[in-house]
Amino acid sequence: MILAIGNALFVPEPAGLAAATEQAGGNVQALARLVFTRYVFAFEVTSALLITAALGAMVLAHRERLEPKATQKDMARARFAEGDPSPLPAPGTYARNNAIDMPALLPDGSVSELSVNRHIARYDVERGHLPDDPKLAEALKHAVEEEPVTERSHRHEQASSQETDSQAEVTK
């Protein structure tokens, strides 16, 4: 309270914005005079803190490599040395193959029912081309059993009508 009264008594009358900028020669000149005279120490301290923060971030983010980074040539040689030169599946995929006829595996090792192609599964089951892995073979059989009855009957009707048409053409 005492400071407010003292400030009101001893500080000269405010001149207003127009008078202050006119006295300094314009807005830019007035701002430059304040920054480089009255507030120069505050700006110097702020710049030192920002430089220190940037250097600290670089020091904390830097890590030392213990061994050189593997090049693409090194990774390809390692893949061929392991006996599996095929490209690896995309990240996040639990598939062991990049083929459409092999279903994807869930993280627990079971077969994902959603990844089994019904048409290929039906073809494999009808012709007896089941994989050696019992889990995969069971998944293919299950996909064929899950196929809607309407699709199977529609396919059966189409096949029988094509046979009838082909027999009619032969008799003509």
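Residues numbered from 1 in each chain as written. Predicted model: local features only at pLDDT ≥ 70, side-chain atom pairs only at ≥ 80, totals over all residues. Heavy atoms only, no water.

A. Main features of the overall build of the protein. The helix and strand tally for the protein stands at eight helices and zero strands. Starting at the N terminus and walking to the C terminus, you meet the elements of the protein as α-α-α-α-α-α-α-α. Across the 172 residues that make up the protein, the buried fraction comes to 12%. The contacts in the protein between residues at least 6 apart in sequence include a share of 26% that link residues at least 24 apart. Carbon and sulfur atoms form 61% of the exposed surface of the protein, whose accessible area is close to 14,800 Å². (Helix = DSSP H or I, 4+ residues; strand = E, 2+ residues; numbered from the N terminus. Buried < 20%, exposed > 50% of the residue type's maximum accessible area, 1.4 Å probe, protein only. Contact = heavy atoms within 4.5 Å. Areas by Shrake-Rupley, 256 points an atom, 1.4 Å probe, with all protein chains shown as cover.)

B. Looking closely at the pattern of salt bridges. Tallied over the entire structure, the rule returns one salt bridge. Here Glu 126 and Arg 127 are joined by a salt bridge, their closest N and O atoms 3.7 Å apart. (Salt bridge = Lys/Arg side-chain N within 4 Å of Asp/Glu carboxyl O.)

C. Examining the nonpolar core more closely. Listed in full, the nine residues of the largest apolar core are Leu 105, Val 111, Val 116, Ala 121, Leu 136, Ala 139, Leu 140, Ala 143 and Val 144. In terms of residue count, the dominant contributor to this core is helix 7 (residues 134-146) (five residues). The contact partners of Leu 140, leaving out residues within four places of it in the chain, are Val 116, Ala 121, Asp 124, Val 125, Leu 130 and Pro 131. (Core = buried A, V, L, I, M, F, W, Y, C linked by side-chain atoms within 4.5 Å.)

D. Inspection of helix 5 (residues 72-82) at higher detail. Little of helix 5 sits out of view: just zero of its eleven residues are buried. Remark: Gly 83 follows helix 5 within two positions and exhibits a positive phi of approximately 90°.

E. Quick peek at the side chain of Asp 124. Following the sequence through the fold, Asp 124 ends up in helix 6 (residues 118-127). Despite its burial, Asp 124 pairs with no opposite charge, the nearest such side chain being Arg 127 at 7.7 Å. Not counting residues within four places of it along the chain, the set of residues in contact with Asp 124 comprises His 129, Leu 130 and Leu 140. (Lys, Arg positive; Asp, Glu negative; His and termini not counted.)

F. Molecular detail of the packing of helix 6 against helix 7. The geometry of helix 6 relative to helix 7 is characterised by a closest axis approach of 8 Å and an angle of 110° between their N-to-C directions. Considering their axes alone, helix 6 and helix 7 lie roughly perpendicular with respect to each other. Contacts from Arg 118, Ala 121, Arg 122, Asp 124 and Val 125 in helix 6 reach Leu 140, Lys 141, Ala 143 and Val 144 in helix 7. Each residue belonging to the contact of helix 6 with helix 7 can be placed in one class, and the counts come to five nonpolar, no polar and four charged. (Axes fitted to C-alpha atoms, helices over the stretch in contact; angles between N-to-C directions. Parallel < 35°, antiparallel > 145°, perpendicular 65-115°, else oblique. Nonpolar A, V, L, I, M, F, W, Y, C, P; charged D, E, K, R; others polar.)

G. Summary view of a negative patch on the surface. Residues Glu 113, Glu 138, Glu 145 and Glu 146 make up a contiguous surface patch of negative charge. Within the secondary structure, Glu 113 is located in the loop between helix 5 and helix 6. (Patch = residues over 30% accessible without salt bridge, like charges linked within 9 Å, V, L, I, M, F, W, Y side chains within 5 Å. Charge placed at Lys NZ, Arg CZ, Asp CG, Glu CD.)

H. Here's a closer look at a nonpolar patch on the surface. Together, Phe 36, Val 40, Phe 41, Val 45 and Leu 49 line one region of the surface with nonpolar side chains, adding up to about 540 Å² of accessible area. With respect to the helices, strands and loops of the structure, Val 45 is situated in helix 4 (residues 40-61). Taking relative accessible area as the criterion, Val 45 reaches 37% and is therefore assigned partly exposed.

I. Inspection of the environment of Thr 37 at higher detail. With respect to the helices, strands and loops of the structure, Thr 37 is situated in helix 3 (residues 27-38). Polar contacts involving the side chain of Thr 37 include one to the main-chain carbonyl oxygen of Arg 33, which spans 2.2 Å. (Polar contact = N/O pair within 3.5 Å; in protein donor to acceptor, adjacent residues only side chain to side chain.)

J. Structural view of the confidence of the model for the protein. Per-residue pLDDT for the protein averages 75, and the proportion of residues at 70 or more is 67%. Confidence, expressed as mean pLDDT per element, reaches its minimum in the protein at helix 8 (residues 149-171) with 53 and its maximum at helix 4 with 94. (pLDDT = per-residue confidence, 0-100.)

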